[in-house]
Amino acid sequence: MRLISQRRHVGGLGDESALRAAYEDHAGELFRFAHRSLGDAGGAEEAVQETFLRAWRAAHSFQPDTASLRTWLFSICRNIVIDISRARASRPPLADTEPIDTPSAAQPLEELVVGLQVEEALRRLSEQHRQVLVEVHLRDRPAAEVAAQLGIPEGTVRSRVYYGLQALKLVLEEMGWHGEY
């Protein structure tokens, strides 16, 4: 009984009605993501079900000030899709089946999810780090140009980029993202 009452207070997903509401709000998007990634409706349903099971079990670790519920659920689903894909790859293919070419179909959606996670992580950085990372990495501007615009030495821009990337990596890890940096 104590475990149930703790889950109700933390993250709100321990409560059955809150979990049902989260499912109604996000299951469709999660299914489409998993289906495009896996190329299989059955596998996608399994991934969505496992996503909400893991979310319910880990409701105490959900921190709304760190990431939105949607981003957190997509992060969980992404990890499950990776697990399912790896499990499939380790099994020999069945006779008379054609390999599914899903990476090209999954690529835009995967980039969207990664983009949402990076955007959420950037919000958590200091203004100085976020500003130089956006200018140097996202807008692909030279450090000297950014330094001139901000009125600071070029070395300071480079230093902020370095430490900003380190901070961004930590924030993404806190959010549960284990992709390539």
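As shown above, the structure is provided for reference.
It should be emphasised that the depicted structure is a prediction, and the values quoted were computed from it without experimental measurement.

Some points on the pattern of salt bridges
Counted according to the given criterion, the structure contains twelve salt bridges. Here Glu145 and Arg141 are joined by a salt bridge, their closest N and O atoms 2.7 Å apart. Looking at Glu145, the relative accessible area reads 40%, which means it is partly exposed. Taken together, the shared-partner salt bridges connect Glu135, Arg139, Arg141 and Glu145 into one network.

Brief notes about helix H8 (residues 154–174)
Between its first and last C-alpha, H8 extends 30 Å over 21 residues, near the 30 Å set by a 1.5 Å rise per residue. Within H8, burial applies to Val157, Arg160, Val161, Gly164, Leu168, Val171 and Leu172. Considered in projection along H8, the buried side chains sweep an arc of 105° and stay on one side of the axis. Every exposed residue of H8 that faces more than 90 degrees away from the buried side is listed here: Arg158, Tyr163 and Leu170. Two residues or fewer after H8 comes Gly176, characterised by a positive phi angle close to 90°.

A look at the side chain of Thr66
Looking at the element boundaries, Thr66 is found in the loop between helix H3 (41–57) and helix H4 (69–90). Looking at Thr66, the relative accessible area reads 7%, which means it is buried. Leave out the neighbours within four places in its chain, and Thr66 touches Glu120, Arg124 and Met175.

Considerations on the packing of helix H2 (residues 16–38) against H4
Packed helices, taken two at a time, are described by their axes: the angle between them and the distance between them. The interhelical angle for the contact between H2 and H4, taken along N-to-C directions, is 35°, at an axis separation of 10 Å. Here H2 and H4 pass one another in a crossing that is right-handed. Contacts from Ala22, His26, Glu29, Leu30, Phe33, Ala34, Ser37 and Leu38 in H2 reach Leu69, Arg70, Leu73, Phe74, Cys77, Arg78, Val81, Ile84, Ser85 and Arg88 in H4. Split by residue class, the contact of H2 with H4 holds eleven nonpolar, three polar and four charged.

Looking at the packing of aromatic side chains
Per the stated rule, a full pass over the model turns up four aromatic pairs. Measuring from ring centre to ring centre gives 5.8 Å for Phe33 and Phe74, while their planes differ by 65°; the resulting arrangement is edge-to-face. In this pair, Phe33 is assigned in helix H2 and Phe74 in helix H4, connecting sequence segments 41 residues apart. Phe74 gets classed as buried once you look at its relative accessible area, which sits at 6%.

Some points on the environment of Gly176
Secondary-structure assignment places Gly176 in the segment after H8. Placed 100 residues apart in sequence, Gly176 and Ile76 show a C-alpha to C-alpha distance of 7.9 Å. Residue contacts for Gly176: discarding those within four places in its chain leaves Ser75 and Asn79.

Re unusual backbone geometry
Glycine aside, a negative phi is what most residues show, and trans is what most peptide bonds show. Backbone geometry at Asp140 places phi at a positive 55°, although glycine is not the residue there. By secondary structure assignment, the location of Asp140 is in the loop between helix H6 (127–138) and helix H7 (143–150). With a relative accessible area of 65%, Asp140 lands in the exposed category.

The rules behind the values
- Residues numbered from 1 in each chain as written.
- Predicted model: local features only at pLDDT ≥ 70, side-chain atom pairs only at ≥ 80, totals over all residues.
- Heavy atoms only, no water.
- Salt bridge = Lys/Arg side-chain N within 4 Å of Asp/Glu carboxyl O.
- Buried < 20%, exposed > 50% of the residue type's maximum accessible area, 1.4 Å probe, protein only.
- Helix = DSSP H or I, 4+ residues; strand = E, 2+ residues; numbered from the N terminus.
- Expected span 1.5 Å × (residues − 1).
- Arc of directions from axis to C-beta.
- Contact = heavy atoms within 4.5 Å.
- Axes fitted to C-alpha atoms, helices over the stretch in contact; angles between N-to-C directions.
- Left-handed = near helix turned anticlockwise from the far one by under 90°.
- Nonpolar A, V, L, I, M, F, W, Y, C, P; charged D, E, K, R; others polar.
- Phe/Tyr/Trp six-rings, centres within 6.5 Å; stacked < 30°, edge-to-face > 60°.

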